[in-house]
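One letter stands for each residue in the lines below.
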Amino acid sequence: MVPLPLPDSAAIRRFALVAGLTALAYALAGWLSLKLSTYIAGSVAALWLAAGIGAAASLRFGAAGVVGVLLGSLLVNSQILPVQDAFRFALGAAAGAWVMGTLPHYLQPFSAALDYVSSVAKFALVAAPLGCAVSALTGVFSLYFFGNLPAGMVLQGLWVWWLGDLLGVFLISPLLLTTSRWDLLPTNRAARLEGLVLVLGMMALTLAMMYHVDPLRPAEIVLFVMVPAVLWAALRFSVAGASLAIFLAAIIVMGVAVVSYGGITSTTTPREVFALQISMITMALGGLFVSAALAERRYSEMRLDMLANHDPLTGLPNRTYFQDFLGHALARAQREKSQVSLLFIDLDRFKHINDSQGHDVGDQVLCIVSNRLDEQLRADDFVARLGGDEFAVILTHPPASRAASRVARKLIQGLAEPFKLGQRRYAIGASVGISVYPDDGLDANTLLRQADLAMYQAKQRRSGFEYFSDELNTVAQQQLSLETGLRQALGRNELVLVYQPKVDLISGRMVGMEALVRWLTRSGGIIWPDQFIPVAEETGLIMPLGRWVTRAACEQWIAWRDAGFEPPPIAINLSPRQFSDARLIDDIDDILKDTGMDAAYLQIEVTESAAMENPARTFDMLDALRQRGLHIFIDDFGTGHSNLGQLKRMPIDALKIDKSFVDDVLTDNDDAEIAIAIIRLAHALNLRVVAEGVESVEQVAFLKQNGCDEIQGYVVAKPLTPSKVSELFSQTFAHA
């Protein structure tokens, strides 16, 4: 049998403390109620303030509050009743408090701060009436069966007792329950002055009615003075202000009753007691509902503002809020002659995690990143999520050279710490670009653009962080010019293909050729691929450029065939971004169909790094290409991070040895051994081997001696125009 866990000493002490304080507060409130108003033989109070203490304590503290109500009721009632009667009253009070504290939790959603209309309704119209009814029924029937309460007074006693408890709950509980929302009270000087004027006005109007209205009934003061004042407080000072106004109004009214009539005694007619109770209950309900409605509206406005200005995933300020804050920060820095450093942060390796593990894991990573950024920064620093995996930090500081360097290093170090999600551990990095006001720009848009440029520089250099410089701006302008020109070149037919032969080392015959794109400007100049291909990759222009290359190569092969030549297979290169394009297969199908190209004569070259980035997707893509009859070459082999087990399963035809290994095979033993190892590996996997960048007869001899199948390079021919390369179709290479 498993032993029941016992509460620790701290929990016991807290329970005893809450119960004791609740009992003391309940007893004091009950004693005050008896002094203010008694009815029916001095036993039933027309205003039982203690019921409000009990309801609030039960809602806030649960069982400890209920026990406190039991003890407090026993304490106060034992002063005026026999112990057995006092105990029955105490049980009724505790049961009523338990109902009021427990029932709302079954009527979810419920806010104990009474700042929603539905919560006020559930408490004031359901829980409080039922709880007070339990207490009233217990007390009155106890007096009837065990005391001297006449039968004719039972209904009247029930009514007055129930209304007295209910009124006490409405006057005291909201004040105690809304203390957590006192932050909603206005704190400016004008609002405080308005509150003081409201209280003084309540008292002044009450005094005026006491002097000029004869006879004056407390219920009239409630209706004509207190109700308007409470509604005004509800409209102006939120739920906490309304609760405070209700309590102050009750004090003023009861004070009038005591001063004018000596309280509510047995000589007070039931009609006057009823009128006072109903008027005060109406006042309390009106104030609570109006203040809750306004609080709910205020929360809705705050939520809308949150949605408009904050990122819903991380809770950080969004781009809109960031730009607004940066504008204000720059204006303040201009006035105070200070500096503003803007850190533009882009995550490294996040795309791989998002693509391979799914967006759910990616979202969790972004939340971890936002938390780490928030932890590393000071309270007065500003961090925002601009979108995707981009974040920005705004630092305001006195003028200093490279003041943001320490913060950048700390952020990079913090983000580099590995973390665990589920059963897997992950690690990401960050590249940070920094721009500084006023050195790098005077407005928000300029600073953001400069920091973005610096970030790309940091990513390319893998340096962690970089500051903006004028050289970066020059490079950016050149890239923009290239992008604009390339878009125009695609439409103006300024692009041409040249072809570099591949020669078989056994037969010496040309067995293939690689199509290479060149950009011939209208001015007659040439822009080389190493200049415009990176720009095309970054801007997405590589997609239409790749489609143009594929179609132009196929059309040229068909033209050679129709001219009576026997052209060898033609190879096109796929960039990493093209290879990840979902439309790639469909585009190739359309081009083959439109041009009539035989798929067996089209070769696809994919770099090793692109092929190994996402092996599962690579297998599917390569398999789909092979099923169509195309031949697949792995380009730049040896420079990536191949997994030999995955390489073995890949549906490929050949490996191309990267030029960097071929260059020094005659002088560097390491490069020679690497080249030989690649040849042997390829043959073990039943793949052909092509050596790139072969430039000398001696290199040809070395490669032929070690079993290389094909060569490509200047020793055969430079990239040639279509008319020039066609002359080599039937020739034999003499040095092979």
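In what follows, the structure referred to is the one given above.
Described below are features of the structure shown in this document. (Residues numbered from 1 in each chain as written. Predicted model: local features only at pLDDT ≥ 70, side-chain atom pairs only at ≥ 80, totals over all residues. Heavy atoms only, no water.)

**Let's talk about the overall build of the protein**
- Secondary structure assignment for the protein yields 27 helices and 16 strands.
- Within the protein, the proportion of its 736 residues that are buried is 51%.
- Across the protein, every contact between residues at least 6 apart in sequence was considered, and the portion connecting residues at least 24 apart equals 71%.
- Counting every atom, the protein has about 35,400 Å² of accessible surface; 58% of that belongs to carbon and sulfur. (Helix = DSSP H or I, 4+ residues; strand = E, 2+ residues; numbered from the N terminus. Buried < 20%, exposed > 50% of the residue type's maximum accessible area, 1.4 Å probe, protein only. Contact = heavy atoms within 4.5 Å. Areas by Shrake-Rupley, 256 points an atom, 1.4 Å probe, with all protein chains shown as cover.)

**Quick word on the nonpolar core**
- Formed by 82 residues in total, the largest nonpolar core has its most connected members in Ile570, Ile604, Leu625, Ile652, Leu655 and Ile711.
- A total of ten residues in this core trace back to one element, the largest contributor, which is helix α18 (residues 542–562).
- Residues within four places of Ile711 in sequence aside, it is in contact with Pro501, Lys502, Val503, Leu505, Ala691, Val694, Val700, Leu703, Val716 and Phe733.
- Counting residues in each nonpolar core, the second largest holds 64 residues, with Leu163, Ala229, Met254 and Leu288 among its members. (Core = buried A, V, L, I, M, F, W, Y, C linked by side-chain atoms within 4.5 Å.)

**Some remarks on the sheet that holds strand β3 (residues 390–397)**
- One open sheet accounts for five strands, arranged β2-β3-β1-β6-β7; its pairing is mixed. Both edges of this open sheet fall to β2 (382–387) and β7 (465–467), since each of them pairs with a single strand only. Sheet twist, expressed as the average angle between the axes of neighbouring strands with direction ignored, equals 20°.
- Where strand β1 (residues 339–348) meets β3, eight bridges bridge the pair, whose relative direction is antiparallel. The residue bridging Gln339 from the neighbouring strand is His397, located in β3.
- Strand contacts of helix α11 (residues 319–336): β1, β2, β3 and β6 (429–437), with the helix running at about 20° to β3, the strand carrying the most contacts. (Pairing = 2+ DSSP bridges. Axes fitted to C-alpha atoms, helices over the stretch in contact; angles between N-to-C directions.)

**Focus: the packing of aromatic side chains**
- Within this structure, the stated rule accounts for eleven aromatic pairs.
- Both rings, one in Phe465 and one in Tyr467, keep their centres 6.3 Å apart while their planes meet at 75°; by these two values the pair is edge-to-face. You'll find Phe465 and Tyr467 in the same group, each marked buried.
- Taking 5.2 Å as the distance between ring centres and 90° as the angle between the ring planes, the aromatic pair formed by Trp560 and Phe729 counts as edge-to-face. Here Trp560, found in helix α18, pairs with Phe729, found in the segment after α27 (722–725); they are 169 residues apart in sequence, far enough to count as distant. Both residues of the pair, Trp560 and Phe729, count as buried.
- Lying across the ring of Phe633, Lys502 places its NZ or CZ 4.3 Å from the centre.
- Lys718 extends its terminal NZ or CZ atom over the ring of Tyr714, reaching a point 5.4 Å from the ring centre. (Phe/Tyr/Trp six-rings, centres within 6.5 Å; stacked < 30°, edge-to-face > 60°. Lys NZ or Arg CZ within 6 Å of the ring centre and 35° of its normal.)

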